[in-house]
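Below, each chain spelled out in residue letters.
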Amino acid sequence: MRILTALEQQPTCVGDLCILLGVEQSAVSHQLRLLRELNLVSSERRGRHVVYSLQDEHVSRLVREAVAHAAHHGMQPGSTG
């Protein structure tokens, strides 16, 4: 959910997601692969980097609704409980 929330803000490459989320590159890459297989994110090569973004406006709307729902219940994206 943290990756989706970050991508909802702007398209981002793996390295920047790692820094933003404080997660190892292998973990971020693995999650992005799964999100691509689920058609939640898409990727585009820009020079030496691959930039990831949410698949479409429908996915973006779902992410915003999930974040709003979590906020309504006092939760942060990516937290448990």
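For the structure given in this document, a descriptive report is provided here. Predicted model, so just to flag it, every value in this text is computed and none were measured.

What follows is about helix α1 (residues 2–9). Buried within α1 are the following residues: I3, L4, T5, A6 and L7. On the buried face of α1, the contacting elements are β1 (12–13), α2 (14–21), α3 (25–37), β2 (41–46), β3 (49–54) and α4 (57–72).

Bringing the packing of α1 against α3 into the picture now. At a minimum axis separation of 11 Å, α1 and α3 run at an interaxial angle of 80 degrees. By the criterion of interaxial angle, the relationship of α1 to α3 is roughly perpendicular. Between α1 and α3, the residues in contact are I3, L4 and L7 and V28, Q31, L32 and L35, respectively. Of the residues that constitute the contact of α1 with α3, the class distribution is 6 nonpolar, 1 polar and no charged.

Calculation notes
- Residues numbered from 1 in each chain as written.
- Predicted model: local features only at pLDDT ≥ 70, side-chain atom pairs only at ≥ 80, totals over all residues.
- Heavy atoms only, no water.
- Buried < 20%, exposed > 50% of the residue type's maximum accessible area, 1.4 Å probe, protein only.
- Helix = DSSP H or I, 4+ residues; strand = E, 2+ residues; numbered from the N terminus.
- Contact = heavy atoms within 4.5 Å.
- Axes fitted to C-alpha atoms, helices over the stretch in contact; angles between N-to-C directions.
- Parallel < 35°, antiparallel > 145°, perpendicular 65-115°, else oblique.
- Nonpolar A, V, L, I, M, F, W, Y, C, P; charged D, E, K, R; others polar.

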